[in-house]
Amino acid sequence: MSGADQSWPKIDVPGNHPEVLSAWLHAQQAVEAVQAAMTARMEAAGDCTLVEHQALFRLANAPERRMSMLRLADALATSPSGATRLVERLVRRGWATREQPPDNRRQTDAVITDAGLLALTERTRPAYHRALTDCFGGMLTERDLADLRRIGRKLLEGHERFDERRFADVRFEL
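Residues numbered from 1 in each chain as written. Predicted model: local features only at pLDDT ≥ 70, side-chain atom pairs only at ≥ 80, totals over all residues. Heavy atoms only, no water.

1. A look at the packing of aromatic side chains
Summed over all chains, the structure comprises zero aromatic pairs. Here Arg93 stacks its cationic end above the ring of Trp95, 4.1 Å away from the centre of that ring. Sitting over the face of the ring of Phe162, Arg153 holds its NZ or CZ atom 3.9 Å from the ring centroid. (Phe/Tyr/Trp six-rings, centres within 6.5 Å; stacked < 30°, edge-to-face > 60°. Lys NZ or Arg CZ within 6 Å of the ring centre and 35° of its normal.)

Spelled out as structure tokens, the structure:
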């Protein structure tokens, strides 16, 4: 039986479910498309992926330019294993190190190196802001941007995932 021949049992859903499903698919696929476009631009111009840049940026702005792996994973909204793989890529490039604080041998910190800070300053940060403008902001009006901020916060708060710290670490000036 092909997928088109499949007969699914009826599901009890609200009347606006088709609109909810359509909005979800548009939002999900739009985020994926923008991330892929930004990563392609950043790999070409900044020699790194979007998430690698985000990690460098978070580390550069952290106290003593270091974060625990768990804190970095949280800041990047990724899993601890995803953060570990990401930091390993940065370590191989000489852009970060992994260190254990002397007062907590069970913790591992990611620390941006001077080479990582230089890459961030000269390559990845300019590439990120150009990609962000071209692949995201340039396609939206001021009203669209305000709506997205409002909707994003509403969804994060509704799922108890809004955390001021995720935004407090980010400096909005250029």
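2. Quick look at the sheet that holds strand 1 (residues 66–68)
In any sheet, the strands associate via hydrogen bonds between backbone groups, in a parallel or an antiparallel arrangement. Here three strands make up an open sheet; going across it, the order is 1-3-2 and the pairing antiparallel. Looking along the sheet, the strands with just one partner apiece sit at the ends: strand 1 and strand 2 (96–99). Here the strands of the sheet are splayed against their neighbours by 25° on average, with no regard to which way each runs. Sitting on the sheet, helix 2 (residues 50–61) touches strand 1 and strand 3 (109–112), and the angle it makes with strand 3 is about 90°. Against the sheet, helix 4 (residues 80–92) contacts strand 2 and strand 3, and its axis sits at roughly 125° relative to strand 2. (Pairing = 2+ DSSP bridges. Helix = DSSP H or I, 4+ residues; strand = E, 2+ residues; numbered from the N terminus. Axes fitted to C-alpha atoms, helices over the stretch in contact; angles between N-to-C directions. Contact = heavy atoms within 4.5 Å.)

3. Some points on the pattern of salt bridges
In this structure the tally under the stated criterion is twelve salt bridges. For the salt bridge of Asp134 with Arg41, the shortest nitrogen-to-oxygen distance reads 2.6 Å. A residue pair is termed long-range when its members are at least 10 positions apart, and Asp134 in helix 5 (residues 114–135) and Arg41 in helix 1 (residues 17–46) qualify at 93 residues. The partner of Arg66 in a salt bridge is Asp109, and the shortest N-O contact between them spans 2.9 Å. Of the two residues, Arg66 sits in strand 1 while Asp109 sits in strand 3, which places them 43 residues apart along the sequence. Since its relative accessible area comes to 22%, Arg66 is described here as partly exposed. (Salt bridge = Lys/Arg side-chain N within 4 Å of Asp/Glu carboxyl O. Buried < 20%, exposed > 50% of the residue type's maximum accessible area, 1.4 Å probe, protein only.)

4. Topic: a nonpolar patch on the surface
A cluster of nonpolar side chains, namely Leu21, Trp24 and Leu25, defines an oily patch on the protein surface of about 290 Å² accessible area. As for its position among the elements, Leu25 is in helix 1. (Patch = residues over 30% accessible without salt bridge, like charges linked within 9 Å, V, L, I, M, F, W, Y side chains within 5 Å. Areas by Shrake-Rupley, 256 points an atom, 1.4 Å probe, with all protein chains shown as cover.)

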